[in-house]
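A closer look at the structure
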Amino acid sequence: MTAAFDDWMKTVQAGSENDLSGFLPAATATPTRLHAAMRYALLGGGKRVRPLLAYAAGALFDADAAIVARAAAAVEMIHAYSLVHDDMPCMDDDALRRGKPTVHIAYDEATALLVGDALQSQAFVVLAEADTSLIPPTRLAAMLKVLAHASGSAGMCGGQAIDLDSVGLSLTLEQLEQMHQLKTGALLRAAVLLGALAGKDLDAAAMAALDQYARAIGLAFQVVDDVLDATADSATLGKTAGKDAADNKPTYVSILGLEPSRALAETLRLDAHAALAPFGDKALRLRELADLIVQRKA
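Note that the structure is predicted; figures quoted are calculated from it, not measured.

**Re the packing of helix α3 (residues 49-60) against helix α4 (residues 65-86)**
Relative orientation of the contacting elements α3 and α4 amounts to 150°, with a least axis distance of 8 Å. For the element pair α3 / α4, the angle class is roughly antiparallel. Crossing of α3 over α4 shows right-handed handedness. Every residue of α4 that contacts α3 at Arg-50, Pro-51, Ala-54, Tyr-55 and Gly-58 is listed here: Ala-65, Val-68, Ala-69, Ala-72, Val-75, Glu-76 and His-79.

**Concerning the packing of aromatic side chains**
Following the criterion strictly, the structure yields three aromatic pairs and no others. Ring centres 5.7 Å apart and planes at 75° place the aromatic pair Tyr-40 and Tyr-107 in the edge-to-face group. Of this pair, Tyr-40 sits in helix α2 (residues 32-42) while Tyr-107 sits in the loop between α5 (103-106) and α6 (109-128), placing them 67 residues apart in sequence. Judged by relative accessible area, which is 21%, Tyr-107 ranks as partly exposed. Centroid distance Phe-61 to Phe-279: 6.1 Å. Interplanar angle 85°. Geometry classified as edge-to-face. With a gap of 218 residues between them, Phe-61 in the loop between α3 and α4 and Phe-279 in the loop between α15 (258-275) and α16 (284-295) connect regions that are remote in the sequence. The pair formed by Phe-61 and Phe-279 is uniform in burial state, with each residue classed as buried. Over the face of the ring belonging to Tyr-40 we find Lys-100, whose NZ or CZ atom lies 4.1 Å from the ring centre. Taking the ring centre of Phe-221 as reference, the NZ or CZ of Arg-296 above it sits at 4.1 Å.

Definitions and limits used
- Residues numbered from 1 in each chain as written.
- Predicted model: local features only at pLDDT ≥ 70, side-chain atom pairs only at ≥ 80, totals over all residues.
- Heavy atoms only, no water.
- Axes fitted to C-alpha atoms, helices over the stretch in contact; angles between N-to-C directions.
- Helix = DSSP H or I, 4+ residues; strand = E, 2+ residues; numbered from the N terminus.
- Parallel < 35°, antiparallel > 145°, perpendicular 65-115°, else oblique.
- Left-handed = near helix turned anticlockwise from the far one by under 90°.
- Contact = heavy atoms within 4.5 Å.
- Phe/Tyr/Trp six-rings, centres within 6.5 Å; stacked < 30°, edge-to-face > 60°.
- Buried < 20%, exposed > 50% of the residue type's maximum accessible area, 1.4 Å probe, protein only.
- Lys NZ or Arg CZ within 6 Å of the ring centre and 35° of its normal.

Written out as structure tokens, the structure reads:
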């Protein structure tokens, strides 16, 4: 990771934190408990990979920063809501997220359910309120459609449903890939496309290249997650380590083994770089983010 990339990443992460705080209702606004819990779930943690991807993709097409900020915040709110629901006892039943108690532990299950619902709604409010003097309404509508599609049964929720149905089963590598392209990959793809659409309408060639990139990093993200779940400790991860194996969930490590999984992640990193060739030097940040996703330790 170069110093320049590290500085850029910290700037985007800090700016995203400020934006997210500003796009949320104040903790003192009624209903105060719900709003405080929403802020607890969303702020003060996380790698902000999706906002980073949105900003990096926006840089390809000189997107207006105010539009990218809303796109980045919207996709991060969807991600945060998914984590809140994923941690609940009816789903993965986890007590630790980003190094602190999960929302249903810090508050209660009913509040956690409402936090997820409210963050999902707020994501669309934030994006829909973008200034249409800065972006054509038709393109804004296309961005809303991208976010909705990535969040629903053909995207993240569908992947989560397959995940729940797969506990204790033996999946093929192709079935595992399909699950994670939906569960993890769909929102990462949305972050890339939303950042790009903040700058211009995408032609078929640009869409194909960005899709190829997003597909590679989406799978790589999950492969590395599986490796880290098998090798890192809870303090490093900020969540319960070894939970996939304990819950008898199919993973890349359980199907391929540890070293082949690491090799697959590296292959996917190179695939992501290759997909960006048509964009030249302007895709530098997207290339660096592919490296970050594969080479991260937590």
